[in-house]
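Listed below are the residues making up each chain.
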Amino acid sequence: MSGEPVVEHQELPFRTSFVTGGRRLATIEGADGAALASPGGLLGRLDEQRHPPQRINAALGGRQTTTEALASSTIGAALAPGGGRMVRPMRRVISPIGSPASVLAVCNSSREAQRIPVSPGLTGGPTNGTLTLQQDALSPPPVSNVTALSEKCDEALATSLPHSAFSSSSVFTSGYAAGYAKLNQRGGAGGWSPLDSDHYQWLQVDLGSRRQVSAVATQGRYSSSDWTTRYRLLYSDTGRNWKPYHQDGNIWAFTGNSNTESVVRHDLQHVLVARYLRFLPLDWSIEGRIGLRIEIYGCAYWSDVINFDGQGVISYRFKMKKMKILKDVISLKFKTSESEGVILHGEGQQGDYITLELRQAKLLLQINLGSNQHGSILGHTSVTSGSLLDDHHWHSVVIERYRRNVNFTLDQHTQHFRTNGEFDHLDLDYELSFGGMPYSGKPVSGGRKNFKGCMEIINYNGENITDLARRKKLDVSNFRNLSFSCVESHTFPVFFNATSFLQLPGRQEHNMVSVGFQFRTWNPNGLLLFSPLADGMLELVLTEGKVAVHINVTQEKNTRIDISSGSALNDGEWHDVRFLAKENSVMLTIDGDESSAVRTTTPIQITTGGSYHFGGYFQHSSVSPSQRAFQGCMQLIHVDDQLADLHAVEQGRMGAFENVSLDMCAIIDRCMPNHCEHGGRCTQTWDSFSCSCDGTGYAGATCHTSVYERSCEAYKHLGKTSEAYWIDPDGSGPLGPFKVICNMTEDMVWTTVPNNLPAQTLVTGSSRERRTVLQLNYSASMEQVAAVIGASEYCQQHLAYACRSSRLLNTPDGVPYTWWVGRGNEKHFYWGGSSQGIQKCACGIERNCTDPKYYCNCDADQKQWREDSGLLVYKENLPVNQLAVGDTNRAGSEAKVTVGPLRCHGDRNYWNAASFSTPSSYLHFSTFQGETSADISFYFKTSAPHGVFLENLGNSDFIRLELKSSTVVSFSFDVGNGPVELSVESPTLLNDDQWHQVSAERNVKEAVLQLDQLYREVRAAPAQGHTRLELYSQLYVGAASGQRGFLGCIRALQMNGVTLDLEERAKVTPGVEAGCSGHCTSYGMYCQNGGKCVEKDNGYACDCSDTTYDGPFCTKAGWPKDLHDLSILQVMDQRM
């Protein structure tokens, strides 16, 4: 493989998927192994005519199986079960491009498809082709690991294992041993049952080596009343440091069996790679006890592993001393217990570099493709992904770059970004280093730590780095002892929930307390340690993110000591606590910082009680802690300067525990990925997250919904008058809100966006060789201005050039002295009042220029002041961004330039409507993409008592908005946790043939339905469960499958910030008409003081001619419109 990226395109990021570790992960159909390894890249030789599509299996095999998510309290005994769902079959997603360039992808319930333009050079297809590729596929592989796409990873792995490969927490009798727990087997007592049926039992399987696991299945014990109804799945490489299976951001619980013989299979959303699996029963048969037979499905896995000791670095030397790289694909997997360390680094003498490193257990990617003329800082790009990556579990990373477009994928989560600066190539010198900074590195290294941990399947542009290192083809001379096996962590984490404790013994009646441990949590408060003293109590608690020590000794006289240290220690990272108390001295040290250790010399006499309770204390005693429990993880627990033997605790040989999970830390970062949108700030506790939307302009549980109207037209129909308003044209879309001037005139609504160029700006001293360039800045970004223009029916901008001995366009045939630059950075040589592309001014079009030989007044080059002015009205060229003036350097030559504000009217989105005349008529659109966050808003009017507004279906998921009755609107959906329906009832009839507004939103936190901005219902999402809305059918507007259709009008339908063009689709759809009449029935009330409502195609107007009032609503008495506009502009100008 040459290292070429698989999709070559200059403007949008690309995404691919591959085969790795003997497991087929590719999801592209119609490609064979030769295409994968070809110099042109994965898609370089794809041609659907030569390679017909083949069906490709994905992680989900289409079986109807049930899983559940975490509720609160037990893994083993520590986490409790949650709710259930049906896992959906995978689906084919076909790009509708109608050409040989089309490529098929498979998507399942765990992945999303993204449509990406394909460069025609790759496939020979047309320039308008699109390609559907998976967003969340796994790492690109070494060439040697690429296998045929048609292979399935679905072998039965457990059936052939020996009896000794099975173990368990306990057995009821020898006939119930773990070795009999094979699917459909009847040996022994017909399956495994433990001695006690409680939450501390487990069944473990040793697969013999690391395998890929794609599915699991369970049965009850043969011919009995014993089965397991719910369970969790843990996995590990070593039989230690277990990791729970996660799905949809939760620790997952699977639905088991309801009898002894039926098999319940679950195809995993994410493929596991592990040697050991543990099944933890959560609930079991009411009639009997825990009973279990299992099967594990998957296939072989192999990889080259390298252990990095924190000293050695692998250097991949380029064939040339300097490399000018246009595109990169870098992939690897890593695991570590360290929170800091450089994973890879390369740099060049021109200031280019690429660095991937761990910082505070997050992955940081830094790229600089070179500085521009304004300074190197503009080339630097930094992106962070993930968290809690120091868990000593494998994490996969893929970096795909083509020019400035980058895909950065960590554990199936992809970020797309574009690098800063102006350059496309990454210029590197000599080498790319893995595991740390090269010793010859420049000062950019900054004393960073090398990586300490393991890496596997390291690939750089098709080169298998791990294989080259094994074959000694790379420089590994700085390794003291290069090892190709992973050195495992010796830590033994303990996981606590709100009902857990761990009791350890210590020295009794001793005059010194010495304890130490590491902890990590999201909660600001919790009990870390409690110890009853012989004559008092000692506690270490987490209070508002600080560690506080409270000692109370009651002997002779009461003595109390209170000290605290640290801050913001509930950040999810590991923090080290050391506490020492002895006669007349107490010391608390956080994170090994001796300089900031807190000490007290208060006289105190301590006599230990010999018992230490970590993470909780629930006994009834004469003394009690200020807090009862802790939610989080601890490790490296020391008592009396001795490391606690938690293996002995697990085996019951010392200490005691309850509801804890040993040898596992089940912490989850609920803010990664961040569900808080539009810059909302995410905060979390152990069980949930919340979003702060302050200052964002958005509201709701995830800051999804804009608090502003989408246009001036919308403000008018709320009865608002002319003023400056904040608008948000795409609602919940990526554009932020911005301020504009809304001028509500009698016949239309004008939206005005001012700029910062003063009127009559004087320009002197410019020439063709050295033009004066005037840069205009608007009160909104170009993207925001473009949204206003795109939604408007008409836009204009006044442009004026007053001149004295200063030529303008050099008409009739010369090269222009002055031009303007519009949207898209295109130069334009026509002036205000002229037609697009015609090098004339208004007087040239009207044939009334001062000198008829010229097409502009100023081109006559006269000494008197002249002017060329007019309106620019071609929307695709607006607004004016720059003016380049080039003829004011001669004696007596000068010019004054004026660029007016951008003014637009006619909201095409607000009035975009369709009328449905039969119950079977409907409009259809592409599938609604609202996986984790969806909002829908529209207006309707009808005389019918019921009808479906819109519907979109998946396999079991769906979303529907419906008029249920003449007074009730409903919003129903299913994301896999069962159907949910919200209803809002109006006190007045909704089939009154007047416009009513409906808005609905669903996100991972809640669902909201609102009617006419007055009536509202909110429904919280389940704490644990499925969160992704997966739809496959087309979106139907005006009807639904097997449902009663809608009769009436729908307008301004916007879904996730995108307005659906109902009018355009209605023009080609039988039974549906574009547009809608009858606006005065809803808005006529705004015409006051005797004004009459006049129907218009898009809206209405108030006729004030028979009244003594004027204005848009017949409420004003003669305030000059022009003066009013000027006053608002002056206010806006002062605020810019």
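Residues numbered from 1 in each chain as written. Predicted model: local features only at pLDDT ≥ 70, side-chain atom pairs only at ≥ 80, totals over all residues. Heavy atoms only, no water.

**Student:** Account for the overall build of the protein, naming residues and giving values.
**Tutor:** From N to C terminus, the protein includes ten helices and 74 strands. A buried classification covers 58% of the 1136 residues belonging to the protein. Here the analysis covers contacts within the protein between residues at least 6 apart in sequence; of these, 70% occur between residues at least 24 apart. Carbon together with sulfur atoms contributes 48% to the accessible area of the protein, which is approximately 44500 Å² in total. (Helix = DSSP H or I, 4+ residues; strand = E, 2+ residues; numbered from the N terminus. Buried < 20%, exposed > 50% of the residue type's maximum accessible area, 1.4 Å probe, protein only. Contact = heavy atoms within 4.5 Å. Areas by Shrake-Rupley, 256 points an atom, 1.4 Å probe, with all protein chains shown as cover.)

**Student:** How would you summarise the sheet that holds strand E69 (residues 1035–1037) if you had to cite specific residues and measurements?
**Tutor:** Pairing within the open sheet is antiparallel, and its six strands lie in the order E60-E69-E62-E63-E64-E65. Across the chains shown, the open sheet's two edge strands, defined by having one partner strand only, are strand E60 (923–925) and strand E65 (980–985). Recorded for the sheet is a direction-independent mean angle of 10° between the axes of neighbouring strands. Bridge count for strand E62 (residues 947–953) against strand E63 (residues 958–963) is six bridges, and the pairing is antiparallel. Across the sheet, the residue bridging to Leu-950 is Leu-961, located in E63. (Pairing = 2+ DSSP bridges. Axes fitted to C-alpha atoms, helices over the stretch in contact; angles between N-to-C directions.)

**Student:** Can you lay out the state of the cysteines for me, pointing to particular residues and giving the numbers?
**Tutor:** The final tally for this structure, using the stated rule, is 14 disulfides. Here Cys-843 engages in a disulfide with Cys-849; their sulfurs sit 2.0 Å apart. In this structure, the disulfide formed by Cys-843 and Cys-849 twists by about 85° around the S-S bond and is classed as right-handed. Across the pair, Cys-849 and Cys-843 agree in class, each one buried. (Disulfide = S-S within 2.5 Å.)

**Student:** Could you give an account of the sheet that holds strand E42 (residues 656–658), with specific residues and numbers?
**Tutor:** Spatially, the seven strands line up as an open sheet ordered E35-E34-E33-E32-E39-E30-E42, and their pairing is antiparallel. The strands lining the two open edges of the sheet, one partner per strand, are strand E35 (559–565) and E42. Looking at each pair of strands side by side, their axes are set apart by 15° on average, direction ignored. With three bridges connecting them, strand E30 (residues 501–508) and E42 associate as antiparallel partners. Across the sheet, residue Leu-502 finds its bridge partner in E42, namely Phe-657.

**Student:** Provide a residue-level description of the pairing of strand E22 (residues 380–385), including the pertinent values.
**Tutor:** The alternating pattern of E22 places Thr-381, Val-383 and Ser-385 on a buried face, while none of His-380, Ser-382 and Thr-384, on the opposite face, is buried. Sheet topology note: the strand E21 (residues 362–368)/E22 ladder contains six bridges and is antiparallel. Each residue of the ladder has a partner; that of Gln-366, found in E22, is Ser-382.

**Student:** Help me get a handle on the pairing of strand E64 (residues 968–974), residues and values and all.
**Tutor:** Burial of E64 is extensive: seven of the seven residues sit out of reach of the surface. Residues Val-968, Ser-970, Ser-972 and Asp-974 of E64 are buried on one face, and the alternating residues Val-969, Phe-971 and Phe-973, pointing to the opposite face, are buried as well. As paired strands, E63 and E64 are joined by six bridges and run antiparallel to one another. Bridge pairing links Arg-960 to Ser-972 in E64. Connecting the antiparallel pair E63 and E64 is a turn made up of four residues. In this sheet, E65 lies alongside E64 in antiparallel orientation, the contact comprising six bridges. The residue bridging Ser-972 from the neighbouring strand is Glu-981, located in E65. The turn joining E64 and E65, which pair antiparallel and follow one another in sequence, is formed by five residues; a positive phi near 115° is taken by Gly-976.

**Student:** Quick rundown of helix H6 (residues 782–791)? Include the residues and the values.
**Tutor:** Residues Gln-784, Val-785, Val-788, Ile-789 and Ala-791 constitute the buried set of H6. Buried-residue contacts for H6 involve strand E48 (723–727), strand E49 (738–744), strand E50 (749–753), strand E53 (792–804) and strand E58 (894–907).

**Student:** Give me the pattern of salt bridges: which residues, what numbers.
**Tutor:** Under the definition given, this model contains 39 salt bridges. The shortest N-O distance in the salt bridge between Arg-403 and Asp-424 comes to 3.2 Å. Highlighted residues: Arg-403 in the loop between strand E23 (395–402) and strand E24 (405–410) and Asp-424 in the loop between strand E25 (413–418) and strand E26 (426–434), separated in sequence by 21 residues. Taken together, the shared-partner salt bridges in this structure form one network comprising Arg-210, Asp-237, Lys-333, Lys-335, Glu-456 and Glu-488. (Salt bridge = Lys/Arg side-chain N within 4 Å of Asp/Glu carboxyl O.)

**Student:** Can you explain the packing of aromatic side chains? Please cite residues and give values.
**Tutor:** One pass over the full model with this rule turns up 33 aromatic pairs. Their ring planes at 85° and their centres at 6.1 Å tell us that Tyr-801 and Trp-831 sit as a pair that is edge-to-face. In this pair, Tyr-801 is assigned in strand E53 and Trp-831 in the loop between strand E55 (827–828) and helix H7 (842–846), connecting sequence segments 30 residues apart. Residue Trp-831 is classed as buried on the basis of its relative accessible area of 0%. (Phe/Tyr/Trp six-rings, centres within 6.5 Å; stacked < 30°, edge-to-face > 60°.)

**Student:** Account for the nonpolar core, with residues named and values stated.
**Tutor:** The biggest cluster of nonpolar side chains holds 43 residues, and the ones touching the most others in it are Tyr-801 and Trp-831. Breaking this core down by element, the ones donating at least two residues are helix H5 (712–716), E48, E49, E50, H6, E53, strand E57 (882–885) and E58. Counting residues per element, this core draws most heavily on E58, at five residues. Counting residues in hydrophobic clusters, the runner-up holds 41 residues, among them Leu-504, Leu-528, Leu-540 and Val-549. (Core = buried A, V, L, I, M, F, W, Y, C linked by side-chain atoms within 4.5 Å.)

**Student:** Tell me about unusual backbone geometry, and name the residues and values.
**Tutor:** The amide bond that connects Thr-811 to the next residue, Pro-812, takes the cis arrangement and shows omega of 10°. When you line up the elements, Pro-812 lands in the loop between E53 and strand E54 (819–821). The step from Leu-878 to Pro-879 runs through a cis peptide bond, and the omega angle for that step is 5°. Note that Pro-879 resides in the loop between strand E56 (866–872) and E57. You will see that His-678, though not glycine, has its phi angle at about 55°, which is positive.

**Student:** Residue-level account of the side chain of Asn-881, with values.
**Tutor:** When you line up the elements, Asn-881 lands in the loop between E56 and E57. Polar contacts involving the side chain of Asn-881 include one to the main-chain carbonyl oxygen of Gly-822, which spans 3.3 Å. (Polar contact = N/O pair within 3.5 Å; in protein donor to acceptor, adjacent residues only side chain to side chain.)

**Student:** Pulling in residues and values, what's your account of the confidence of the model for the protein?
**Tutor:** Summary statistics for the protein give a mean pLDDT of 83 and a share of 83% for residues scoring 70 or more. Note that residues 1–150 has pLDDT below 50 and, in this model, 452 contacts with residues that lie over four places away or in other chains. Throughout residues 441–445 the model reports pLDDT below 50, and contacts reaching past four residues in sequence, or to other chains, amount to eight contacts. (pLDDT = per-residue confidence, 0-100.)

**Student:** Quick one: what's the story with the environment of Ile-838, residue by residue and with numbers?
**Tutor:** Locating Ile-838 in the fold gives a position in the loop between E55 and H7. Looking at Ile-838, the relative accessible area reads 35%, which means it is partly exposed. In the structure, Ile-838 is positioned ten residues away from His-828 in sequence and 9.3 Å away in space, judged by C-alpha atoms. Not counting residues up to four positions away in its chain, the partners in contact with Ile-838 are Phe-829 and Tyr-830.

**Student:** Break down the side chain of Ser-611 for me, with residues and values.
**Tutor:** As for its placement among the helices and strands, Ser-611 is situated in strand E39 (residues 609–614). A polar contact of 3.3 Å, which involves the side chain of Ser-611, links it to the side chain of His-613. Non-local contacts of Ser-611, meaning those with residues more than four positions away in its chain, are made with Gln-503, Leu-504, Phe-530, Ser-531 and Pro-532.

**Student:** I'd like to hear about the environment of Arg-890, residue by residue, with values.
**Tutor:** Mapped onto the elements of the fold, Arg-890 is located in the loop between E57 and E58. In the structure, Arg-890 is positioned 124 residues away from Ser-766 in sequence and 8.7 Å away in space, judged by C-alpha atoms. Leaving out residues up to four positions away in the same chain, Arg-890 has contacts with Ser-805, Ser-806, Arg-807 and Asp-861. A distance of 3.1 Å separates polar atoms of two side chains, one belonging to Arg-890 and the other to Asp-887.

**Student:** So what about the environment of Met-320? Which residues, and what values?
**Tutor:** Within the secondary structure, Met-320 is located in strand E17 (residues 314–325). Under the relative-accessibility criterion, Met-320 is labelled exposed at 54%.

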